[in-house]
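Coordinate analysis (summary)
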Amino acid sequence: MAWIPVSVSLGFVGLAVLAYCAFKVFLGVRRFGRELERTRRRLGPKQLALRDELTDLQDPRAPQSPGDGVRSS
């Protein structure tokens, strides 16, 4: 009959280990979220500058008709 308290205590120890691991994962995810937010704040102005430059490069140009090109023989 001594195996009942041993198995119950091993179950509680297992739950404690799982709770500790879950807490460590929670802290890691929170730290990762803060790192992502910091990176987003740092890259935001550069992303806007690149987007503005891209729109400047994509200004509409007059299309050439295919008959005006150089013909090879």
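What comes next is a walk through the structure. (Residues numbered from 1 in each chain as written. Predicted model: local features only at pLDDT ≥ 70, side-chain atom pairs only at ≥ 80, totals over all residues. Heavy atoms only, no water.)

Here helix H1 (residues 3-57) contains 55 residues, and its C-alpha end-to-end distance of 76 Å stays within 8% of the 81 Å for a straight helix at 1.5 Å per residue. The sharpest bend along H1 reaches about 40° and sits at Leu43, with the proline Pro45 one to four residues further on. (Helix = DSSP H or I, 4+ residues; strand = E, 2+ residues; numbered from the N terminus. Expected span 1.5 Å × (residues − 1). Bend = angle between axes of the 7 residues up to and from the residue.)

Below, the discussion takes up a positive patch on the surface. Residues Lys24, Arg30, Arg31 and Arg34 make up a contiguous surface patch of positive charge. Here Arg34 lies in helix H1. Residue Arg34 is classed as partly exposed on the basis of its relative accessible area, which comes to 49%. (Patch = residues over 30% accessible without salt bridge, like charges linked within 9 Å, V, L, I, M, F, W, Y side chains within 5 Å. Areas by Shrake-Rupley, 256 points an atom, 1.4 Å probe, with all protein chains shown as cover. Salt bridge = Lys/Arg side-chain N within 4 Å of Asp/Glu carboxyl O. Lys, Arg positive; Asp, Glu negative; His and termini not counted. Charge placed at Lys NZ, Arg CZ, Asp CG, Glu CD. Buried < 20%, exposed > 50% of the residue type's maximum accessible area, 1.4 Å probe, protein only.)

To continue, consider the pattern of salt bridges. By the definition in use, this model includes two salt bridges. Of the charged contacts, one joins Glu35 and Arg38 as a salt bridge, the two residues approaching to 2.7 Å between their closest N and O atoms. With Glu35 and Arg38 both in helix H1, this residue pair falls three residues apart, about one helical turn. By relative accessible area, which is 35% here, Arg38 ends up partly exposed. For Glu37, the salt bridge is made with Arg40, and the minimal N-O distance between the two is 3.0 Å. Of the two residues, Glu37 and Arg40 are both situated in helix H1; the distance of three residues between them amounts to about one turn of the helix.

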